[in-house]
Amino acid sequence: SLLDICRGEMWERGKQVLGDIQGYVQVLDTLTLQSIKNWSKSGNIHLQTDLKALITGELKSGDSKSGVVCCLPEFKISEEERRRYTKALIDHQKKISPTRVKDRVEGEFESWRQWIEKRANEIEILIDTANCGFYMNGGEFSYFQANMMFSTLSKRYKVKLVLSQTRAKVEHGSPESKILDDWKSSESVYITPTGMNDDAFWMYGALWLSGLGKRILILSNDLLRDHHLNTSYDKGFFFFMTSHLMRFRGATNQHRKNKKRKIQCDSFSFFPPFPYSIQPHFLPSNQGILFPYMAESSSLLEKDLYKHTETDSTPALPETIANRIRWALLNLTSEPMKSTTNDSNKPNINTTTSTSSNNTSATSGSAKSLGKRKRDPGT
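Residues numbered from 1 in each chain as written. Predicted model: local features only at pLDDT ≥ 70, side-chain atom pairs only at ≥ 80, totals over all residues. Heavy atoms only, no water.

*Asks:* What is the right way to look at helix α6 (residues 105-118) in this model?
*Replies:* Helical geometry note: an α-helix holds 3.6 residues per turn, so side chains three or four residues apart project in the same direction. Taking 1.5 Å per residue as the helical rise, α6 with its 14 residues ought to reach 20 Å, and the 20 Å between its terminal C-alpha atoms agrees with that figure. All of the buried residues along α6 are V105, E108, F109, W112, R113, W115 and I116. Buried residues of α6, viewed axially, fall in a sector of 165°; they line one side. (Helix = DSSP H or I, 4+ residues; strand = E, 2+ residues; numbered from the N terminus. Expected span 1.5 Å × (residues − 1). Buried < 20%, exposed > 50% of the residue type's maximum accessible area, 1.4 Å probe, protein only. Arc of directions from axis to C-beta.)

*Asks:* Can you walk me through empty space enclosed by the protein in this structure?
*Replies:* Once rolled over the atoms, a probe with the size of a water molecule shows which space is left empty. Scanning the entire structure with this criterion turns up 2 cavities of 30 Å³ or more. If you add up the space inside the largest cavity, you get close to 180 Å³. Around the largest cavity, the lining comprises 15 residues; the ones closest to its centre are T242, P273, F274, Y306 and I321. Listed by contribution, the elements that provide at least two residues to the lining of the largest cavity are α11 (235-242), β8 (245-251) and α12 (318-324). Broken down by class, the residue content of the lining of the largest cavity amounts to 11 nonpolar, 3 polar and 1 charged. (1 Å grid on protein atoms, 1.4 Å probe; cavity = no way out; pocket = protein on both sides within 12 Å on 5 of 7 lines; lining within 4 Å. Points joined across faces, edges and corners; volume = space filled by probe spheres on them. Nonpolar A, V, L, I, M, F, W, Y, C, P; charged D, E, K, R; others polar.)

*Asks:* Looking at this structure, how should I read the sheet that holds strand β4 (residues 125-128)?
*Replies:* Working definition: the strands of a sheet are paired by backbone hydrogen bonds and lie parallel or antiparallel to each other. What the 6 strands build is an open sheet, ordered β6-β5-β4-β7-β8-β9; its pairing is mixed. Edge strands, defined here as strands with exactly one partner in the open sheet, are β6 (189-192) and β9 (267-271). In this sheet, neighbouring strand axes are inclined to one another by 25° on average, regardless of whether the strands run parallel or antiparallel. Contacts from helix α8 (residues 143-154) reach β4, β5 (159-164), β7 (217-219), β8 and β9 within the one sheet, and its direction differs from that of β9 by about 55°. (Pairing = 2+ DSSP bridges. Axes fitted to C-alpha atoms, helices over the stretch in contact; angles between N-to-C directions. Contact = heavy atoms within 4.5 Å.)

*Asks:* Can you help me understand the pattern of salt bridges in this one?
*Replies:* Note on pairing: side chains with opposite charge can pair once their charged atoms come close. A complete count under the given rule lists 13 salt bridges for this structure. We note a salt bridge from E108 to R104, for which the minimum N-O separation is 2.8 Å. Judged by its relative accessible area of 36%, R104 falls in the partly exposed class. Members of the salt-bridge network, linked through shared partners, are E79, R82 and R83. (Salt bridge = Lys/Arg side-chain N within 4 Å of Asp/Glu carboxyl O.)

*Asks:* When you look at the environment of F248 in this model, what are you seeing that I'm missing?
*Replies:* Relative to the elements of secondary structure, F248 occurs in strand β8. Measuring from C-alpha to C-alpha, the distance between F248 and P272 comes to 8.7 Å, with 24 residues separating the pair along the chain. Ignoring sequence-local partners within four residues, the contact set of F248 consists of N131, C132, Y135, M149, L219, S220, N221, F268, S269, F270 and F271.

*Asks:* I tried to follow the pairing of β8 on my own but got confused; where do I start?
*Replies:* One face of the sheet, then the other: side chains in a regular strand alternate in exactly this way. Taken across its 7 residues, β8 has 5 buried, putting it largely inside the fold. Two strands pair when backbone bridges link them, and β7 and β8 are joined in this way by 2 bridges, in the parallel orientation. Paired with L219 across the bridge in β8 is M246. Strand direction decides the pairing type here: β8 and β9, joined by 5 bridges, are antiparallel. Within β9, the position partnered with R249 by the bridge is S269.

Shown next as structure tokens:
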């Protein structure tokens, strides 16, 4: 509605409206995209739509003839944000932990920090062991399933497991105890204390290791729904976490009629995340904005973007998510950007990206990345 009235003499006010959108909107709906189209026409501004992002972050036009337009920047957080998110994570654990545990929360996280600091060069993937062990297992935890994933990934990556003390109580001499002993003897598992959320430990690990410049992955199908109620986090926290989550699927010949039925998976496939975040990205020097919107071929609403289907909350694979999204490139200069090639439809975005307070560059071919990520104003 604001964009619809920001035409003519109020056209410049529309730029501020678009700038504010980034703090509140992740993916545009059809009506908002149409309002941007109408507003851009009233100011003779070039708007290129139907751009598709590959897993690598390369943007290509819908007809695939224009080639790479630009690269979405890898999502990064500043040192200040990393400290703030870490503190919010610890404070939230103090708030939700039982009384007998509250006084030990900081000490437990310090023990975890020392453990990963000592093994920082040995960690490329942290496994959310509970999430992997419960996957399609009828509500029962399976050491064998978690170990199958661990063994498969260990052939290519440096892998550690995060396991709750509750799951570490196994019968002595059982096959499960043999697996656990193997994990312990190889220093591949960290046991989190009873009374604390084990998810908080792999989240903390991802945040802490990012401070060393390491981009580790978290093997989990967790949608982070348990953590959205923590108002200490802003959108940047969830963008950071989702850009580090490696999803998985199990292969089986059995049919699963309902979630309570236990299914034996014969093998697993793993799907690394794309490094960029699906949100509006600003071009440097106020040149323009990239907006994601739901593709016409997608029948889902924006709120279901990350779900497998509207009724199935299993996380969608990264490639599926990328196919559901198209990007619109809005040039805020008075004239369409000049092209460095013979293709007049391809804007020249030969710029350096700055995400948060970091100054980084991500390139693909001769195209450089873009965009300063504006902070969430906090609602």
